[in-house]
Amino acid sequence: MFSARYDRQMRIDGWGVEGQMKLRNASVGIVGMGGLGCPVAIYLTAAGVGRLKLIDSDVVEESNLNRQVLHWTDDIGRPKPQSAFEKLSKLNPEVEMNLVCERLTEENVDEVLNDVDVIVDALDNFPTRLLINSYAVRSKKPLFHGAIWGLEGYATTIIPGLTACLRCIFEEAPPPGVFPVVGTTPGLIAMVQAMEVLKYFTGIGELLLNRYLVYDGMKMTFMTIKLRRNPNCPVCASVKQ
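Criteria and cut-off values
Residues numbered from 1 in each chain as written. Predicted model: local features only at pLDDT ≥ 70, side-chain atom pairs only at ≥ 80, totals over all residues. Heavy atoms only, no water. Disulfide = S-S within 2.5 Å. Buried < 20%, exposed > 50% of the residue type's maximum accessible area, 1.4 Å probe, protein only. Helix = DSSP H or I, 4+ residues; strand = E, 2+ residues; numbered from the N terminus. Polar contact = N/O pair within 3.5 Å; in protein donor to acceptor, adjacent residues only side chain to side chain. Contact = heavy atoms within 4.5 Å. Expected span 1.5 Å × (residues − 1). Arc of directions from axis to C-beta. Phe/Tyr/Trp six-rings, centres within 6.5 Å; stacked < 30°, edge-to-face > 60°. 1 Å grid on protein atoms, 1.4 Å probe; cavity = no way out; pocket = protein on both sides within 12 Å on 5 of 7 lines; lining within 4 Å. Points joined across faces, edges and corners; volume = space filled by probe spheres on them. Nonpolar A, V, L, I, M, F, W, Y, C, P; charged D, E, K, R; others polar. Pairing = 2+ DSSP bridges. Axes fitted to C-alpha atoms, helices over the stretch in contact; angles between N-to-C directions.

Two cysteines joined by a covalent bond between their sulfur atoms form a disulfide. This structure, assessed with the given rule, holds zero disulfides. With no disulfide of its own, Cys233 has Cys165 as its nearest cysteine by sulfur position, at a separation of 3.7 Å. Distance from the sulfur of Cys236, which forms no disulfide, to the nearest cysteine sulfur (Cys168) is 3.4 Å. For Cys236, a relative accessible area of 2% translates into the label buried.

Another point: the side chain of Thr156. Structurally, Thr156 can be placed in strand 6 (residues 152–158). Engagement of the side chain of Thr156 in a polar contact is seen with the backbone oxygen of Leu208, the distance being 3.3 Å. A polar contact is formed between the side chain of Thr156 and the backbone oxygen of Arg211, at a distance of 2.7 Å. Each residue touching Thr156, except ones within four places of it in the same chain, is listed here: Leu143, Phe144, His145, Ile169, Leu208, Arg211, Tyr212 and Leu227.

For helix 4 (residues 80–91), with 12 residues, the first-to-last C-alpha span of 17 Å sits near the 16 Å given by 1.5 Å per residue. Those residues of helix 4 lying buried are Lys80, Pro81, Ser83, Ala84, Lys87 and Leu88. For helix 4, the buried positions fall inside an angular range of 160° around the axis, keeping them on one side. Where helix 4 is buried, its residues meet helix 3 (37–47), strand 2 (51–55) and strand 3 (96–100).

Moving on, we get to the packing of aromatic side chains. On inspection of all chains with the given rule, the structure shows seven aromatic pairs. Taken together, a centroid distance of 6.2 Å and an interplanar angle of 70° make the contact between Phe170 and Tyr212 edge-to-face. Remark: Tyr212 occurs in strand 7 (residues 211–216) and Phe170 occurs in the loop between helix 7 (166–169) and helix 8 (184–202); sequence separation between them is 42 residues. A relative accessible area of 21% means that Phe170 is categorised as partly exposed. Taking relative accessible area as the criterion, Tyr212 reaches 8% and is therefore assigned buried. Centre to centre, the rings of Tyr200 and Phe201 are 5.2 Å apart; their planes meet at 75°, and the pair counts as edge-to-face.

Turning our attention to unusual backbone geometry. Not every positive phi belongs to a glycine, and Lys140 is a case in point at roughly 60°. Take Lys140: it is sitting in the loop between helix 6 (126–139) and strand 5 (143–149). Classification of Lys140 by relative accessible area gives partly exposed; the value is 49%. The backbone phi angle of Met220 is positive, close to 55°, even though this residue is not glycine. Residue placement: Met220 occurs in the loop between strand 7 and strand 8 (221–226).

Bringing the layout of surface pockets into the picture now. By volume, the largest pocket amounts to about 1100 Å³. Lining the largest pocket we find 42 residues, and of these Leu123, Asp124, Asn125, Arg129 and Phe179 sit closest to its centre. Counting only elements with at least two residues in the lining of the largest pocket, the list comes to helix 6 and strand 5. In terms of residues, the lining of the largest pocket owes the most to one element, helix 6, which gives four residues. Looking at side-chain class alone, the lining of the largest pocket contains 23 nonpolar, 10 polar and nine charged residues.

This next bit is on the sheet that holds strand 4 (residues 118–121). The eight strands are arranged 3-2-1-4-5-6-7-8 in an open sheet whose pairing can be described as mixed. Edge positions in the sheet fall to strand 3 and strand 8, since each has one partner strand and no second. Averaged over neighbouring strand pairs, the angle between their axes works out to 15° when direction is ignored. Strand direction decides the pairing type here: strand 1 (residues 27–31) and strand 4, joined by four bridges, are parallel. Considered in strand 4, the bridge of Gly29 is made with Ile119. Across the sheet, helix 4 touches strand 2 and strand 3, and the angle it forms with strand 3 is around 170°.

In structure tokens form, the structure reads like this:
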């Protein structure tokens, strides 16, 4: 039924043929094809997720190349979803991919994300993060959040109606600006996000529910902060599982 490509992961307790079939039938929207989105897409493609929607309005710039590992020097100037697709399709041609080379807005977010099962937040700006958080809550779609700053990284898994949403955690968006980053930081956080997606679909392990993972690369430490839903959250307070 499945090629040898997936043999080793199907040997994991609780995964097997059934888990791999769940992945084959899954659809994931990755919002942002940069430092987080590239490695997330690589590992979900390698694992055999059935369909990926790659969403980004930017083109590749030279300053991206220290961390956005699907984009190479020859890709400068190309739309990021197209650049990513070129490599991912060679990694695993069994995975269907849809490309969206436009920015998500209040006007198009429902249309763009309507046909995905879950959403990966691989963004670098909070206004769009809060936009997809609101969409995820009202559509009751799981949201896998990741963020980085320099040698620090953060991740959590949001299940609408069950966990705190991003608006519970961040009442206001931090000020915009160019932030420092070394490629290993988004690479590591992206692995957490990809693992959470795989665990969600296969049903194995425990998810980062109501836990905010904090990584400090300078000290090489990890800790988790307990989260609670805000009963007055303007986005998720009225949502039940």
